Amino acid sequence: MFFSQLPTPCYVVEEALIEKNLRVLKGVMDRTGARILLAQKAFSMYHLYPLIGEYLCGATASGLYEARLCAEEMIRPGAEEKEKSIGRLENHIFSPAYGEADFEAILRYCDHIVFNSWRQIEKFGIRAKAAGKSIGLRVNLECSTQEGHAIYDPCAPGSRLGVTAERFEEAASGEGNGGSSLISLVDGLHFHTLCEQDSDALECTLDAVEEKFGKYLSRMKWINFGGGHHITKEGYDIPRLERCIGRMKERYGLTVYLEPGEAVALNAGFLVTTVLEIIRNGMEIAILDTSAACHMPDVLEMPYRPPLLQSGLPGEKAYTYRLGGPTCLAGDIIGDYSFDKPLQEGDRLVFGDMAIYSMVKNNTFNGMPLPGIALREKSGEYRLIKQFGYEDFKGRL
């Protein structure tokens, strides 16, 4: 298939760019002994799971369905060969709370189960340990390292994510939910504090880990640094990251896990769209067959301005347009961009950085069709992996 034959809207993921990111992550693992997992919440294009499984150590899930997806699409295919080359692939899961209806299935699919509270360990921990699972507890370091995105800050006041040092100490002293006997069930500590950040933020976070939980680390087998590490972004300080990993290994003898999602597919995907209409209301407005609200929800939620190939900032080039979607939402606006020549109906535009948090978060508001999913193979040829139609919309309702 040629680029011009792709239906629009369509996500296009470049196999070569995914593999470029994976090589960077594999290099970190090779030099440090850390184990890096795919966080499926950012990127779940399972057509590429066999490739990802060749480089990484498995995946982490936020719920039962992601856990099952990893088991079926990454771990089972060719499991024996992968174990020879990289070690056994692992399937981790964390949820703020597990339901009884899902837990038996979680025990079938997952080998590492991270709990969010002592109460959850009290409820499910003995059963998980009896099933041979490695048990983790998420901790809240109460140490915020990011600014401007409170919605993504797990350490914000009143956060529901993780056990604070105060609550941890209560259990250690036998004051709450089964007392210190619960600590004996815990194999590792998990934290997730970062969002698109460099390793200096991780270094600061580890200071808080040691300050608040350091006396328990030598009793653990592993520590999970969570996600939000921008490892494959240009300029990221990889040597500092590797020193952070070494710090936990050398001081406490811990196996170190990281679970980036964004870093696996950063800048490796695109969203191809077509101009449907040009109107004027104080400025030129182009209506696309792609919706910010439906197909790139982080544009409104983050918010951010996605990169657009061959465009500039408003006024930078000769012709400026506001790009909007076809839904009834007044705020379905992608942003203002400038171009060297006027846009025409039927023109194709290509947004960058559209592999992450796109397919996993899109929706069919207003009955919008979901974008197709295509792969640009290393040969340069395009292959349409999936198209969606009316039945996909109807089936959600």
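See the structure printed just above.
Since the structure is predicted, the reported quantities are computational estimates derived from the model, not experimental observations. (Residues numbered from 1 in each chain as written. Predicted model: local features only at pLDDT ≥ 70, side-chain atom pairs only at ≥ 80, totals over all residues. Heavy atoms only, no water.)

Student: Hey, could you go over the side chain of Ser338 for me, with residue numbers and the actual values?
Tutor: As for its position among the elements, Ser338 is in strand β14 (residues 333–339). On the basis of relative accessibility, which here comes to 0%, the residue Ser338 falls in the buried class. If we skip the residues at most four places from it in the chain, Ser338 touches Ser311, Gly312, Leu313, Pro314, Gly315, Glu316, Lys317, Tyr319 and Thr320. (Helix = DSSP H or I, 4+ residues; strand = E, 2+ residues; numbered from the N terminus. Buried < 20%, exposed > 50% of the residue type's maximum accessible area, 1.4 Å probe, protein only. Contact = heavy atoms within 4.5 Å.)

Student: So, the packing of aromatic side chains: which residues are in play, and what are the values?
Tutor: Aromatic ring pairs are reported here in terms of the distance separating the ring centres and the angle at which the planes meet. Evaluation of the coordinates by the stated rule reveals 13 aromatic pairs. Judged by centre distance (5.9 Å) and plane angle (90°), the ring pair of Trp222 and Tyr257 falls under edge-to-face. In this pair, Trp222 sits in strand β9 (residues 222–224) while Tyr257 sits in strand β10 (residues 255–258), placing the two residues 35 residues apart along the sequence. Neither residue differs from the other here; Trp222 and Tyr257 are each classed as buried. Lying across the ring of Tyr109, Arg108 places its NZ or CZ 5.7 Å from the centre. Sitting over the face of the ring of Phe94, Arg138 holds its NZ or CZ atom 4.9 Å from the ring centroid. (Phe/Tyr/Trp six-rings, centres within 6.5 Å; stacked < 30°, edge-to-face > 60°. Lys NZ or Arg CZ within 6 Å of the ring centre and 35° of its normal.)

Student: Report on unusual backbone geometry, specifying residues and quantitative values.
Tutor: With an omega of -5°, the peptide bond between Thr8 and Pro9 qualifies as cis. The omega angle of the peptide bond from Met302 to Pro303 is -15°, so this bond is cis rather than trans. The topology assignment puts Pro303 in the loop between α12 (298–301) and β13 (319–324). The phi angle at Gln310 is positive, at roughly 60°, despite the residue not being glycine. Among the secondary structure elements, Gln310 is positioned in the loop between α12 and β13. Judged by relative accessible area, which is 74%, Gln310 ranks as exposed. Positive phi, normally seen in glycine, also occurs at Tyr357, with a value near 50°. Take Tyr357: it is sitting in the loop between β15 (348–352) and β16 (372–376).

Student: How would you summarise helix α7 (residues 165–172) if you had to cite specific residues and measurements?
Tutor: Of all the residues in α7, the buried ones are Ala165, Phe168 and Ala171. Take α7 and look down its axis: the buried residues cluster within an arc of 120°, on one side only. On its buried face, α7 sits against α6 (118–130), β7 (134–138), β8 (188–190) and α8 (199–217). (Arc of directions from axis to C-beta.)

Student: So what about the nonpolar core? Which residues, and what values?
Tutor: Core analysis: the largest hydrophobic core is formed by 114 residues, its most contacted members being Phe43 and Leu323. With residues up to four places along the chain from it excluded, the contact list for Phe43 reads Val13, Ile18, Leu38, Leu48, Tyr49, Ile52, Ala265, Ala355, Met359 and Val360. If you look at the next biggest cluster of nonpolar residues, it comprises 8 residues, including Cys10, Val12, Val350 and Tyr382. (Core = buried A, V, L, I, M, F, W, Y, C linked by side-chain atoms within 4.5 Å.)

Student: Outline the sheet that holds strand β4 (residues 58–61), supporting the account with residue identities and numerical values.
Tutor: Sheets are built from strands that pair by backbone hydrogen bonding, the pairs being arranged parallel or antiparallel. Across the sheet, which stays open at both edges, the 9 strands sit in the order β2-β10-β9-β8-β7-β6-β5-β4-β3 with parallel pairing between neighbours. Each edge of the open sheet is held by one strand with a lone partner, namely β2 (35–36) and β3 (38–39). Of the pairings in the sheet, the one linking β3 to β4 comprises 2 bridges and is parallel in character. Directly across from Leu38, in β4, lies its bridge partner Ala59. Against the sheet, helix α5 (residues 100–109) makes contact with β5 (90–94) and β6 (112–115), and its axis sits at roughly 135° relative to β6, the strand it touches most. (Pairing = 2+ DSSP bridges. Axes fitted to C-alpha atoms, helices over the stretch in contact; angles between N-to-C directions.)

Student: So what's going on with the pattern of salt bridges? Which residues, and what values?
Tutor: Side chains that carry opposite charge are capable of pairing whenever their charged atoms lie near each other. Within this structure, the stated rule accounts for 26 salt bridges. Of the charged contacts in the structure, one is a salt bridge between Asp111 and Arg88, with a shortest N-O distance of 3.3 Å. Here Arg88 lies in the loop between α4 (79–86) and β5 and Asp111 lies in the loop between α5 and β6, a separation of 23 residues in the sequence. Two residues, Lys221 and Asp187, come together in a salt bridge whose shortest N-O distance is 3.6 Å. (Salt bridge = Lys/Arg side-chain N within 4 Å of Asp/Glu carboxyl O.)

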